[in-house]
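Structural overview for review
Now for the letters of each chain:
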Amino acid sequence: MIDLTLAIAKEIETRFPKGVAPDERSGYEGYLVEAGKLVEFATALRDELGYDFLSSVTGVDYMPEEKMEVVYHVYRSTGGGALVFKVQVPRQNPVLPSLVEVFPGADFQEREAWDLLGIRFEGHPNHKRILMWEGFEGHPLRKDWEEAYFEEESKPFDARWPGGDVYRAEDENPFTKNVVYPQDFNPETWIPDGDKALYAGMKEIETDESLETEQIVVNLGPQHPSTHGVFRMVATLAGETVVKLEPVMGYLHRNHEKIGERNTYLMNIPFTDRLDYLASMSNNFGYVLAVEKLLGKKAVVPERAEYIRVIMAEFTRIANHVFAIGTLLNDMGAYFTPMLYALQERELILDIFEAAAGSRMMCNYYRFGGLARDLPPGVEGKMRDLAFERLPRKIDELDRYLTENEVLRARCEGVGVLTPEEAIAYSAVGPVLRASGVPYDVRRADPYSIYDRFDFDVAVAYHGDVYDRYLVRMEEIRQSIRILQQALDDLPEGEIMTGKPRYSIRVPAGEAYGRVEGPKGELGFYVVSDGSANPWRYHVRAPSFINLTALSKMCEGDKVADAIVILGSIDIVLGETDR
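Cut-offs used in this document
- Residues numbered from 1 in each chain as written.
- Predicted model: local features only at pLDDT ≥ 70, side-chain atom pairs only at ≥ 80, totals over all residues.
- Heavy atoms only, no water.
- Core = buried A, V, L, I, M, F, W, Y, C linked by side-chain atoms within 4.5 Å.
- Buried < 20%, exposed > 50% of the residue type's maximum accessible area, 1.4 Å probe, protein only.
- Helix = DSSP H or I, 4+ residues; strand = E, 2+ residues; numbered from the N terminus.
- Domains from an automatic or database assignment.
- Contact = heavy atoms within 4.5 Å.
- Pairing = 2+ DSSP bridges.
- Axes fitted to C-alpha atoms, helices over the stretch in contact; angles between N-to-C directions.
- Patch = residues over 30% accessible without salt bridge, like charges linked within 9 Å, V, L, I, M, F, W, Y side chains within 5 Å.
- Areas by Shrake-Rupley, 256 points an atom, 1.4 Å probe, with all protein chains shown as cover.
- Salt bridge = Lys/Arg side-chain N within 4 Å of Asp/Glu carboxyl O.
- Polar contact = N/O pair within 3.5 Å; in protein donor to acceptor, adjacent residues only side chain to side chain.
- Buried area = accessible area lost by both parts, 1.4 Å probe.
- Parallel < 35°, antiparallel > 145°, perpendicular 65-115°, else oblique.
- Left-handed = near helix turned anticlockwise from the far one by under 90°.
- Nonpolar A, V, L, I, M, F, W, Y, C, P; charged D, E, K, R; others polar.

Points about the nonpolar core
The nonpolar side chains of a soluble globular protein tend to be buried, and buried together. Tyr-72, Phe-85, Met-312, Tyr-365 and Leu-551 are the most contacted members of the largest nonpolar core, which totals 169 residues. Ranked by the residues each element gives to this core, the list is headed by helix H7 (residues 303–331), at 14 residues. Split by domain, this core shows at least three residues from each of two domains, domain 1 (2–122) and domain 2 (256–578). Those residues within four positions of Tyr-365 in sequence are excluded, and the remaining contacts are Met-281, Asn-284, Ile-308, Met-312, Ala-356, Ala-357, Leu-371, Ala-372, Arg-373, Asp-374 and Leu-375.

What follows is the structure, encoded as structure tokens:
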């Protein structure tokens, strides 16, 4: 059940005698809130009970019951477990109030729920699609939505297993397009208007500057290396100053969550690799934690497997951060010299992953109740050499090379500032949050796995600018090395899997949210089981996606060249942003 003190539960019961009730469904937790009480309830949680950090917002289509449910996970920025609350609305007219005024971090997440599930949030300041394009037909995460070439609702498809009589639906329709347009819609003549137009909100803003300048709208990306993939920033500029900026994403979207709801539970593990493809092990970790919560005692993880999980996660953090630092310097124009220093260390870590998992990037290594296989002979020695000898030396070298560089400091200090209050309000996580002076790290705030056994510090800085985000990542690398050294010294012998490897599992009905402190911040998986072999709902709380909510706030008032550096300091991966 949810980690609430009796005092908080009593306070909620007293404060809201009507319109708020405990969720008493078997396997569920938290509170059911009437739509009319939602804003009042959320405001009281924030202002009176200290739940100031909105982590996750998502929807669930309970089609058999003709209802939609919106699920919220809120936390205290000082630490502790989640408080979960939900709002249920009719499926035919799913409308509820927006919480953007209470929690600005709900902005992109509410837009996502509208885009993919058709749930409308009244009062949202920018209520339009975010991952699909404006002319897309339907809401693809609804249970009754079927794509072109639809085969079946869940895997394994009959054409694949058990008979193996394989055919592909597109082979039956060789002369049609894999796309469905709305009725009477012609993409050749369509012109977006009103709230559907991307540029509708990019209005001219009056300034008090004596020098008159013409405001222009400039597209930065999507096909440009500085935008870290297929990502676009629509910027309104007054001269070289950013007046307003809107992130545009979705170019890489492939409906990862719909695929996840058709897969079996085990099939989803290699799909998580492809989210943040620089942090495969951490993606596995968050997902298996969520499913293990549902499995309960059926998935007790052996001690050796717990240690190896932590070791792989911390090596992943180091590999991610050196890559992020290298690409940040690339964004500043230091083309590839710092990047090559960083990549050399990352390649050695990927050697470890390849030896253990068989793959360098798409590792598919974690399993429910343990790991796919044990460490092969010789790998532990290579891990110890990296953790105790090479990495501490090389990180100090990278530090000396970069940290006091006058060009780096000039480009980063005072740029893209996010205050502590803003960082919390916008649901920022990871180095972005901690560089704003909020020492919130899931490994400390709400420990999972065996992180409570290790001695390490939460890296934090207090200026909230690009330079502090760089410094936090450098310090987090050192803290990960500390954790690695302790874990390798204490690594026990024994099994790495509970019971025999399973090719399919039955998960008890209920809901679970598993979260880890990934390299980019809190990575969460919300899973709803109906007791079948496939998840009823599978949602990814993607830090790359949600951290972009504050991008406009960071960029306004800075120069257009700074916007590129600010984006680099967030450290996004588009596979995770778009899913």
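Alright, that's what it looks like, and here's the rest.
Observations regarding the sheet that holds strand S2 (residues 31–33)
Spatial ordering of the open sheet is given by S1-S2-S5-S4-S3, a layout of five strands whose pairing is mixed. The open sheet has two edge strands, strand S1 (20–22) and strand S3 (53–62), and neither has a second partner. The average angle at which neighbouring strand axes cross in this sheet is 25°, direction not considered. Here S2 pairs with strand S5 (residues 83–90) via two bridges, running parallel. Across the sheet, residue Tyr-31 finds its bridge partner in S5, namely Phe-85.

Brief notes about a nonpolar patch on the surface
A contiguous nonpolar patch, built from Tyr-335, Phe-336 and Leu-340 and spanning about 380 Å² of accessible area, is present on the exposed surface. Mapped onto the secondary structure, Tyr-335 falls in the loop between H7 and helix H8 (337–357). Under the relative-accessibility criterion, Tyr-335 is labelled exposed at 63%.

Considering the side chain of Arg-367
Tracing the sequence through the fold places Arg-367 in strand S13 (residues 366–367). At a separation of 3.0 Å, a polar atom in the side chain of Arg-367 contacts the main-chain carbonyl oxygen of Asn-364. With residues near it in sequence (within four places) discarded, Arg-367 still touches Leu-266, Ile-269, Val-288, Glu-292, Arg-309, Ala-372 and Met-497.

Comments concerning the domain arrangement of the protein
What the domain assignment reports for the protein is domain 1 (2–122) and domain 2 (256–578). Taken over C-alpha atoms, the centre of domain 1 sits 27 Å from the centre of domain 2. Between domain 1 and domain 2, the contact holds 34 residues from the first and 27 residues from the second. Together, the buried faces of domain 1 and domain 2 total about 2400 Å²; carbon and sulfur atoms form 60% of this surface. Between domain 1 and domain 2 we count one salt bridge in total. The closest approach of N and O atoms between Lys-86 and Glu-511, which form a salt bridge, is 2.6 Å.

A look at the side chain of Arg-91
Its location among the elements puts Arg-91 in the loop between S5 and strand S6 (95–97). Overall, Arg-91 belongs to the buried group, its relative accessible area being 4%. In terms of polar contacts, Arg-91 uses its side chain to reach the side chain of Asp-144, at 3.0 Å. Setting aside residues up to four positions removed in sequence, Arg-91 forms contacts with Asp-61, Met-63, Glu-66, Lys-67, Met-68, Arg-142, Lys-143 and Asp-144.

Notes on the packing of H7 against H8
Two elements in contact, H7 and H8, have axes separated by 9 Å at closest approach and are oriented at 155°. With respect to their mutual orientation, H7 and H8 come out roughly antiparallel. Crossing geometry of H7 relative to H8 is assigned as left-handed. Of the residues in H8, those touching H7 at Met-312, Phe-315, Thr-316, Ile-318, Ala-319, Val-322, Phe-323, Gly-326, Thr-327, Leu-329 and Asn-330 are Pro-338, Met-339, Ala-342, Leu-343, Arg-346, Ile-349, Ile-352, Phe-353 and Ala-356. Of the residues in the contact of H7 with H8, the class split is 15 nonpolar, four polar and one charged.

A look at the sheet that holds strand S12 (residues 241–248)
The three strands lie next to each other as S8-S11-S12, forming an open sheet whose pairing is antiparallel. Since the sheet does not close on itself, it has two edges, and those belong to strand S8 (215–220) and S12, each with one partner. Taken pair by pair, the neighbouring strands of this sheet meet at an average axis angle of 20°, ignoring direction. With six bridges joining them, S8 and strand S11 (residues 232–238) adopt antiparallel strand pairing. Counterpart to Val-218 in the pairing with S11 is Ala-235. Sitting on the sheet, helix H17 (residues 560–570) is in contact with S8, S11 and S12, with an inclination near 150° to S11.

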